[in-house]
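The residues making up each chain are set out below.
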Amino acid sequence: MASTSNIQFQLINSLGSLEFGKPFLNQPRGIAYRPSDSLLFIADSKNERVVAFTENNLLAKIISHYGTKNGLAVMSNDQVLMSDELQVLILSSDLRLTRTIADDDIQAGLTNYQGICVDEHDAIYVCDQANRQIKVYDPKSGNIIRFFGDKNVFSSLAYCTSMNGHIYVTDPQGSCAHKFTADGTYVKRFGSETSSVFPQALSSPRGITAFPDTRQLLVADSHNDRLVIFDENCEFQQLITAGIEYPESLAIDTKGNVFAAMPDRIGVLSRKIID
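Summary of the structure given here. Quantities reported herein were computed from a predicted structural model and do not represent experimental measurements.

Section: the pairing of strand E12 (residues 133-137)
- Judged by how many residues are buried, E12 sits mostly within the fold: five of five residues are covered.
- Where strand E11 (residues 124-128) lies against E12, five bridges are found, and the strand directions are antiparallel. Following the sheet pairing, Ile124 is matched in E12 by Tyr137.
- Counting the residues between successive antiparallel strands, the hairpin from E11 to E12 contains four residues, one of them, Arg132, with a positive phi of roughly 50 degrees.
- Where E12 lies against strand E13 (residues 144-148), four bridges are found, and the strand directions are antiparallel. Its bridge partner lying in E13, Tyr137 is registered against Ile144.
- Hairpin connection, E12 to E13: the antiparallel pair is bridged by six residues, and Gly142 has positive phi, about 80 degrees.

Shown next as structure tokens:
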């Protein structure tokens, strides 16, 4: 694993920042990167659509007939998952709706789905803000497998990510993040304690994702206008502040470059590991 002192990040581009002199994106929420075609999917919330951009800032897709979405994720078979407050939509690799899942409480009005992620087996993890739970669904049957967490653990839920057999969830109102095993066993809370090397705790963290090659976590520390890197044991590693303004959600491409959703654009940060 590379030492964090040998890793540098630089803002190199902005996706979807302008169209005819006006912002093309308006309050983007969840984002997800699909390696097979290098597309970044963006939940463009105020415009009530999902759009996809290439890495060189070309608009590739507009998906406008499913309304506002909160979370996005990509499965190993290139299917795209989209969550809104009530349900999760599964789109085929060519972006046709195949089915809807996670609508088990829709009649009771007891859901408020936010972020979504998948693990190495494509099990689907959904952040249910209304019930303060993570709900886990089978990718083949669409049936719920288990759920974990409650109001004693979560003050709120925003986004989640999977890494090395664990699930990490951000808690904006608690100004922290939480670590669980994949089966739902609670491991620890992190980001809320300060130290000599981490003097300012997280404040309303939202997006979270993982660098697969270094097993590090990246957290969007929204109210502090920064990104924070933790190792897989949730120990602080590094801050990224240049060009970051109220980051909402995060994605990482196969090279380790970072996409950060901000109020009217997606910032692209290159990662460079110095030998």
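Quick word on the packing of aromatic side chains
- Overall, the coordinates contain 10 aromatic pairs when judged by the stated rule.
- Arranged with centres 6.0 Å apart and planes meeting at 45 degrees, the rings of Phe9 and Phe211 form a pair that is tilted. Placement of the pair is Phe9 in strand E1 (residues 7-15) and Phe211 in strand E18 (residues 205-211), with a sequence separation of 202 residues.
- The buried category is assigned to Phe9, whose relative accessible area is 17%.
- Accessibility expressed as a relative area gives 1% for Phe211, which makes it buried.
- Relative to Phe53, the ring of Phe24 lies with its centre 5.8 Å away and its plane at 85 degrees, an arrangement referred to as edge-to-face. Pair noted here: Phe24 is in the loop between E1 and strand E2 (28-34) and Phe53 is in strand E4 (residues 49-54), with a separation of 29 residues, a long-range link. Comparing Phe24 with Phe53 shows no difference in burial state: the two are buried.

Examining the environment of Tyr159
- With respect to the helices, strands and loops of the structure, Tyr159 is situated in the loop between E13 and strand E14 (160-163).
- C-alpha separation for the pair Tyr159 and Val80, spaced 79 residues apart in sequence, amounts to 16 Å.

Some words on the sheet that holds strand E20 (residues 226-231)
- One open sheet accounts for four strands, arranged E18-E19-E20-E21; its pairing is antiparallel. On the outer flanks of this sheet lie E18 and strand E21 (236-240), each paired with one strand and no other. The mean inter-strand angle of the sheet, taken between neighbouring strand axes irrespective of direction, is 20 degrees.
- With six bridges connecting them, strand E19 (residues 216-221) and E20 associate as antiparallel partners. The residue of E20 that forms the bridge with Leu217 is Phe230.

Notes on the state of the cysteines
- Tallied over the full model, the rule gives zero disulfides.
- No disulfide involves Cys127; its sulfur sits 3.9 Å from the nearest other cysteine sulfur, which is in Cys160.
- For the unlinked cysteine Cys176, the closest cysteine sulfur is that of Cys234, found at 11 Å.

A few points about unusual backbone geometry
- Within the chain, Asn57 stands out as a residue other than glycine whose phi angle is a positive 70 degrees.
- Structurally, the position occupied by Asn57 is in the loop between E4 and strand E5 (59-63).
- Take Asn57: its relative accessible area is 29%, and that puts it in the partly exposed class.
- Positive phi outside glycine occurs at Ser204, with the angle close to 55 degrees.
- Relative to the helices and strands, Ser204 is located in the loop between strand E17 (186-190) and E18.

Notes on the pattern of salt bridges
- Enumeration over the complete set of coordinates arrives at 12 salt bridges.
- The residue Asp128 makes a salt bridge to Lys135 at a minimum N-O spacing of 3.1 Å. The same class applies to Asp128 and to Lys135, which are both buried.
- For Arg206, the salt bridge identified is with Glu248, shortest N-O distance 2.8 Å.

Re the sheet that holds strand E8 (residues 88-91)
- Spatial ordering of the open sheet is given by E6-E7-E8-E9, a layout of four strands whose pairing is antiparallel. A single partner strand is all that each edge strand has here, and the edge strands are strand E6 (71-74) and strand E9 (97-101). In this sheet, neighbouring strand axes are inclined to one another by 20 degrees on average, regardless of whether the strands run parallel or antiparallel.
- In terms of strand pairing, E6 meets strand E7 (residues 80-83) through four bridges, oriented antiparallel. Note on E7: the bridge partner recorded for Leu72 is Met82.

Quick notes on the rules
- Residues numbered from 1 in each chain as written.
- Predicted model: local features only at pLDDT ≥ 70, side-chain atom pairs only at ≥ 80, totals over all residues.
- Heavy atoms only, no water.
- Buried < 20%, exposed > 50% of the residue type's maximum accessible area, 1.4 Å probe, protein only.
- Helix = DSSP H or I, 4+ residues; strand = E, 2+ residues; numbered from the N terminus.
- Pairing = 2+ DSSP bridges.
- Phe/Tyr/Trp six-rings, centres within 6.5 Å; stacked < 30°, edge-to-face > 60°.
- Axes fitted to C-alpha atoms, helices over the stretch in contact; angles between N-to-C directions.
- Disulfide = S-S within 2.5 Å.
- Salt bridge = Lys/Arg side-chain N within 4 Å of Asp/Glu carboxyl O.

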